[in-house]
Amino acid sequence: MDNRTDVRKLGQGIVGMLRLFWGITLLLLLAGQAWGQAVWDGTTSEPGKDGNGSYLITTAEELAWVAEQVNSGKDNFSGKTIRLESDILLNMTEGWVNWDENTTGLNAWIPIGSFDLPFKGFFDGQRHVVKGIYISGDSKKEIGLFGAISGDGAAVWNVGVVESFISGGERVGGIVGYVFSFTRNSISGCYNSGKVMGNNEVGGIVGVNGYVVGNCYNEGEVIGNHKVGGIAGFNNGNKSVFNCYNTGKVTGGEPLGAVGGIVGENANDAVISNCYNIGQITGDGNVGAIAGIVVSGGSVHDCYYLDSSCGEAPVAGTFPKSLDAFKSGEVADKLYMGFGQALGEGGDPYPVLLFFLNTEEKASKEVYCVIFSYGENQSIVKYGNNGAKIDMEVSVIPDKEGYTKGWDTQLPYTIDMTGMEIKAEYTPIPYKIEILPATGGTFEVVTNGQAVADGDEIAFGSEVSLTAEPMVGNKLKAWIVTTFDGKEVTVTDDLFTMPAGGVTVTAEFVKISDEDPTGIESVEGLEMYAHNGVLFVRTPSRERVTVIALTGRLVWSGMQIGMREYTGLASGAYLVRVGERVFKVWIR
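In this text the structure is predicted, and so the values were computed from the model without any measurement.

A.B. asks: Kindly report on the state of the cysteines, identifying the contributing residues and their values.
C.D. replies: By the definition in use, this model includes zero disulfides. With no disulfide of its own, Cys216 lies 4.8 Å from the sulfur of Cys190, the closest cysteine sulfur. Classification of Cys216 as buried rests on a relative accessible area of 0%. This cysteine, Cys275, is not joined by any disulfide, and Cys303 carries the nearest cysteine sulfur, 4.6 Å off. Among the residues examined, Cys275 registers a relative accessible area of 0% and is labelled buried.

Below, the structure written as structure tokens:
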């Protein structure tokens, strides 16, 4: 073979390898630039300031300068503000999930502040993230993006830690290792999705909380032995963790340890409120979906957890919920402030913090409940965002004889920035009434003050009154009211209640016989009847007879014995009292 050919092929191979090398290098550089920042070179650089004297951090080198100033004791930034103006890249993060204590070739981050030299300023991340943090060392204390913060006004706000490996010994947190108890602002609007490891007091956001942690969440894995929590390892001393949630896996290993989805150990009047956990929580000691252990006056309020997240018994103030309850908006609604959720297809799988959203996004994710009440203290609750249309089947309402069923609000109901209770209602069914003519007199059927005609309909349950008008020489013997299926309907004092199903109504009149000449009453010698506008009353002994019109007008009152005729009476109904007995008489 021609040696020149071999040389030419060798040259082509070298050129190809060089092209591949520079191609990979260019891709890595472009990846860093595309993310928004160059990778930290391990040096420091003093940042600039704005017109108010606030430090403006734009590079990893400038963030490292802040750490160097605090950790050397040159400046703890008390009374000063530091603002993060862009995302920060400390290491390239390809394969970061495989980082461990022995990974080499990475820039090691030194946390900002320590127990002896804490950060005392105000740090506002302005919703930016720090990416690629690498810290390793199982004997180190106060470990995180910040090691320790302390003092009035000391706070870390609005920053996320992503694709990072943070490992230490004690007081280890994704954002801050140790928040001193006399800090007056603390941690707000922060989140972690990196891996956090330690031995004691290990949390996804803070290792130890000495004041307030609010509106924060953790998605990263948290591993420790004692006092291990998704948000805080140790919440101590009349302090608060509120409006927080954890979705990351939390693992503890010490037999007497405390492992919780939100807080490992909650002690000395510390409070956990309005939080939820859906991450898997495991450990060998005291394990809880929200708190591993609550002691010395600590308390938990209004916290919810996925019922499959932890097999251990919950502490007071925590409530298990199904995955459906998280998806449906139920949990977001029960978390009375700070949480929302886009519901429906393509929505959020679980509640999100409204703190991180703009005004328009908040409005679209607010959750409202619509309660459908029915039966004896029964209800179904549905959830939706503003503008959602909520419907419910009528079939859930129990049947009730004689009534149609429905809802008191037209459905579907459109949510309009408020919740709603919709109640079941029953409407009486109108049934047909047949009025059969009677022999020996006529009668009138009335309901709700209105006369009823043959073939009309009367609502179930209505009171129906009957008034008889016997022909001369006749009297009413009985009312005959039966349902269409032949069942007798009870009539009391000329009244009956409309049953379910149609009814037939008629009256039975009988002739007045010689033995019963009054046509009205014949009791122990007392006789009474009306004829041609004249009232006839016969008393067997001397008794007081009182005649009163139904209008209340007194017609006559006096003592009587034997037969007496009362004339000049207008047509209508009268009450006639004879001694202690009272009768109703019609004059025509």
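A.B. asks: Tell me what's going on with the sheet that holds strand E24 (residues 258-260), and back it up with residues and numbers.
C.D. replies: Strand order in this open sheet of six strands is E7-E11-E16-E20-E24-E29, and the pairing throughout is parallel. The sheet is open, and its two edges are formed by strand E7 (141-143) and strand E29 (286-288), each paired on a single side. Each neighbouring strand pair of the sheet contributes to a mean axis angle of 5 degrees, computed without reference to strand direction. Of the pairings in the sheet, the one linking strand E11 (residues 170-173) to strand E16 (residues 200-203) comprises three bridges and is parallel in character. Across the sheet, residue Gly173 finds its bridge partner in E16, namely Gly203.

A.B. asks: Residue-level account of the packing of aromatic side chains, with values.
C.D. replies: Within this structure, the stated rule accounts for 31 aromatic pairs. With a centroid separation of 5.1 Å and 70 degrees between ring planes, the pair formed by Phe123 and Phe146 is classed as edge-to-face. Within this pair, whereas Phe123 is found in strand E5 (residues 122-131), its partner Phe146 is found in strand E8 (residues 146-149), the two being separated by 23 residues in sequence. Residue classification places Phe123 among the buried positions, given a relative accessible area of 1%. On the basis of relative accessibility, which here comes to 0%, the residue Phe146 falls in the buried class. Joined through ring pairs, the aromatic side chains of Tyr191, Tyr217, Tyr245, Tyr276, Phe326, Phe339, Tyr350, Phe355 and Phe356 make up one cluster. In this arrangement the basic side chain of Lys400 is found over the ring face of Tyr426, its NZ or CZ atom lying 5.1 Å from the centre.

A.B. asks: Break down the sheet that holds strand E43 (residues 441-447) for me, citing the residues and quoting the values.
C.D. replies: An order of E44-E43-E46-E48 is seen for the four strands of this open sheet, with the pairing classed as antiparallel. Since the sheet does not close on itself, it has two edges, and those belong to strand E44 (450-451) and strand E48 (495-497), each with one partner.

Calculation criteria
- Residues numbered from 1 in each chain as written.
- Predicted model: local features only at pLDDT ≥ 70, side-chain atom pairs only at ≥ 80, totals over all residues.
- Heavy atoms only, no water.
- Disulfide = S-S within 2.5 Å.
- Buried < 20%, exposed > 50% of the residue type's maximum accessible area, 1.4 Å probe, protein only.
- Pairing = 2+ DSSP bridges.
- Helix = DSSP H or I, 4+ residues; strand = E, 2+ residues; numbered from the N terminus.
- Axes fitted to C-alpha atoms, helices over the stretch in contact; angles between N-to-C directions.
- Phe/Tyr/Trp six-rings, centres within 6.5 Å; stacked < 30°, edge-to-face > 60°.
- Lys NZ or Arg CZ within 6 Å of the ring centre and 35° of its normal.

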